[in-house]
Amino acid sequence: MTQYSLNDEKKSKLIVISLWLVYASAYFARTCYSASIASIVSDGMFQKGEIGLVGTAFFVCYGAGQIVNGIVGDKVNPFALVLCGSFGSGICCLTMGLTRSLVSMAVIWGFNGLFQSMLWSPLLRIFSEIINEKLRKKAVLNIALSLPVGTVAAYLLSGVLIKYYGWKSMFFAASAVVMIIFLIALSTVLISKRSIIKICVNKSDLKISNKSDGRHGFLKLAVSSGLLIILVPSFLHGMMRDGIANWVPTMITEIYRKSPSFSSTITVVLPIFNAFGAYAVTPIYRKFKEDEMKTSVVCAAFSLIPMSLLLMMKNLPIYISVVLLAIITASMYALNYLIISRVSVRFSKSGHTSSVTGILNSFAYIGCAVSSYGFGAVSEKFGWNTVVLIWIASSFLLLIFSFIADKKWKKFMLETTV
């Protein structure tokens, strides 16, 4: 009998847990940079605009890598890509802690972006196509929790490490965490090696046979499903999701005159809220009959309320401002679950899960690249209120494009059941 998914539920659970840890450690690694920005700027090494270029290098390389690795992830063993990306990211974190040159930092962090772009698309393919069918929906939902968990761990640790050992210690800690998790994932994959290879080979054969009828041309699918329109909400939510998180510690430091270590520690509330973003939106998602675009309209509309209140940030107590920022980023992570995870999984029947994930995530991280440099540069020239106005305008556009995409998306949904 041809095997198209992993029948062994225990092995599937081990794979889900180990890959969950891989992605959590990846977010720990990338967050160690944003948690260090306020300290780097405070040390007087670089200006905000300059240090923002390092983050931009990561996001540009990550975004470009997402397209390539998304397509590759549908054609090769996805486990090999995930393991390669995890190992490479660990090496980049180690070398990042050994340099003081802005150019070197930008190059190294750009390579980290390339390695981390090998993770998400093949990982989502594994969750939607390869693991035991009973675990798939929960795995796709629960992987969203790995992002805020990795981020929380990084911010909590940064408060101690940066204060006593300096910002470079964060990168050494990240390297150690990533490498340990890599070894755990490698061991798990080796345990299930024979079953995994058999499934990946059978999946490849199935895709080759499906291509013969020509009904699922990717470009045609992208147009008919509304995917081309959804690229805009993907870009906009990505710009705000990581862009806000990257600059919040610096925003708190400058507006409230707090130390960088204090700002990094207090903003740990953001990823804690983010952890519940995907779970909080699930009842709304179900109420709208699992319509990703209609639910995205609601999330974008909701985010406009705390954003508008933030225009009075200078007159608000610090803890109120942090809670408002947390609600905003939680909304963005809810959108991330809907647009990047759920939309992509809809394409599993046509064998394009990894490709669609890569393209959507690529546009999201192009948005991140824009915000990594742009928010810092805008705040220097025009102040943080102008940055908040950009957030408001972006959320409104996200709402409009999600609404426009919904007509085609509804039709496409009738043809897919995940």
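A word on the overall build of the chain. Within the chain one finds 18 helices and zero strands. Each of the 418 residues in the chain was classed as buried or not, and the buried ones make up 61%. Restricting the contact set of the chain to residue pairs at least 6 apart, pairs at least 24 apart contribute 85%. Roughly 16700 Å² of accessible area belongs to the chain as shown, and the carbon and sulfur atoms make up 69% of that amount.

Here we come to the side chain of Thr151. Examined against the element boundaries, Thr151 turns out to sit in helix H7 (residues 146-165). What Thr151 contacts, discounting residues up to four positions off in sequence, is Tyr27, Thr31 and Pro271.

What follows deals with a nonpolar patch on the surface. Together, Phe302, Ile305, Leu309, Leu311, Met312 and Leu389 line one region of the surface with nonpolar side chains, adding up to about 540 Å² of accessible area. Tracing the backbone shows Leu389 in helix H18 (residues 384-414). Given the relative accessible area of 48%, Leu389 is considered partly exposed.

Turning our attention to the pattern of salt bridges. Following the criterion strictly, the structure yields two salt bridges and no others. Asp406 is the salt-bridge partner of Lys410, the closest N and O atoms lying 3.7 Å from each other. Here Lys410 pairs with Asp406, and both are found in helix H18, just four residues apart, close to one helical turn. Judged by its relative accessible area of 37%, Lys410 is partly exposed.

This paragraph deals with the environment of Phe276. On the secondary structure map, Phe276 appears in the loop between helix H13 (269-274) and helix H14 (277-287). The class of Phe276 is exposed, set by a relative accessible area of 55%.

Contact pair helix H3 (residues 78-96) / helix H4 (residues 102-116): the axes reach a minimum separation of 8 Å and the direction vectors enclose 165°. By the criterion of interaxial angle, the relationship of H3 to H4 is roughly antiparallel. Remark: the crossing between H3 and H4 carries left-handed chirality. Between H3 and H4, the residues in contact are Cys84, Gly85, Gly88, Ser89, Cys92, Cys93, Thr95 and Met96 and Met105, Ile108, Trp109, Phe111, Asn112, Phe115 and Gln116, respectively. Of the residues in the contact of H3 with H4, the class split is nine nonpolar, six polar and no charged.

On to helix H15 (residues 292-309), then. Its 18 residues give H15 an end-to-end C-alpha distance of 27 Å, which sits within 8% of 26 Å, the value for a rise of 1.5 Å per residue. By the burial criterion, the buried members of H15 are Glu292, Met293, Thr295, Ser296, Val297, Cys299, Ala300, Ser303, Leu304, Pro306 and Met307.

A positive phi is found at Lys289, a non-glycine position, where the angle reads about 55°. Judged by relative accessible area, Lys289 falls into the exposed class, the value being 73%. Residues other than glycine seldom take positive phi values, yet Glu290 does so here, at roughly 55°. Along the polypeptide, Glu290 turns up in the loop between H14 and H15. Judged by relative accessible area, Glu290 falls into the partly exposed class, the value being 24%.

Time to look at the nonpolar core. Membership of the largest hydrophobic core comes to 122 residues, with the highest contact counts inside it found for Tyr23, Trp109, Ile126, Phe127, Leu325, Leu360 and Trp391. It is helix H16 (residues 318-345) that contributes the most residues to this core, 16 residues altogether. The residues contacting Trp109, other than those within four sequence positions of it, are Ala29, Arg30, Cys32, Tyr33, Val54, Phe58, Cys93, Met96 and Phe171.

By the definition in use, this model includes 14 aromatic pairs. Residues Tyr23 and Trp120 carry aromatic rings whose centres are separated by 4.9 Å and whose planes lie at 40° to one another, so their mutual orientation is tilted. In this pair, Tyr23 is assigned in helix H1 (residues 9-42) and Trp120 in helix H5 (residues 120-130), connecting sequence segments 97 residues apart. Among the residues examined, Tyr23 registers a relative accessible area of 3% and is labelled buried. Joined through ring pairs, the aromatic side chains of Tyr33, Phe58, Tyr62, Trp109, Trp167 and Phe171 make up one cluster.

Another aspect to go through is the packing of H7 against helix H8 (residues 168-191). Remark: H7 packs on H8, axes separated minimally by 8 Å, with the N-to-C direction vectors making an angle of 135°. Considering the angle they form, H7 stands oblique to H8. In this structure, H7 meets H8 at a crossing whose hand is right-handed. Residues Ala154, Leu157, Ser158, Leu161, Ile162 and Tyr165 of H7 form the contact with H8, whose own contacting residues are Ser169, Met170 and Ala173. Residues that form the contact of H7 with H8 fall into these classes: seven nonpolar, two polar and no charged.

What counts, and at which threshold
Residues numbered from 1 in each chain as written. Predicted model: local features only at pLDDT ≥ 70, side-chain atom pairs only at ≥ 80, totals over all residues. Heavy atoms only, no water. Helix = DSSP H or I, 4+ residues; strand = E, 2+ residues; numbered from the N terminus. Buried < 20%, exposed > 50% of the residue type's maximum accessible area, 1.4 Å probe, protein only. Contact = heavy atoms within 4.5 Å. Areas by Shrake-Rupley, 256 points an atom, 1.4 Å probe, with all protein chains shown as cover. Patch = residues over 30% accessible without salt bridge, like charges linked within 9 Å, V, L, I, M, F, W, Y side chains within 5 Å. Salt bridge = Lys/Arg side-chain N within 4 Å of Asp/Glu carboxyl O. Axes fitted to C-alpha atoms, helices over the stretch in contact; angles between N-to-C directions. Parallel < 35°, antiparallel > 145°, perpendicular 65-115°, else oblique. Left-handed = near helix turned anticlockwise from the far one by under 90°. Nonpolar A, V, L, I, M, F, W, Y, C, P; charged D, E, K, R; others polar. Expected span 1.5 Å × (residues − 1). Core = buried A, V, L, I, M, F, W, Y, C linked by side-chain atoms within 4.5 Å. Phe/Tyr/Trp six-rings, centres within 6.5 Å; stacked < 30°, edge-to-face > 60°.

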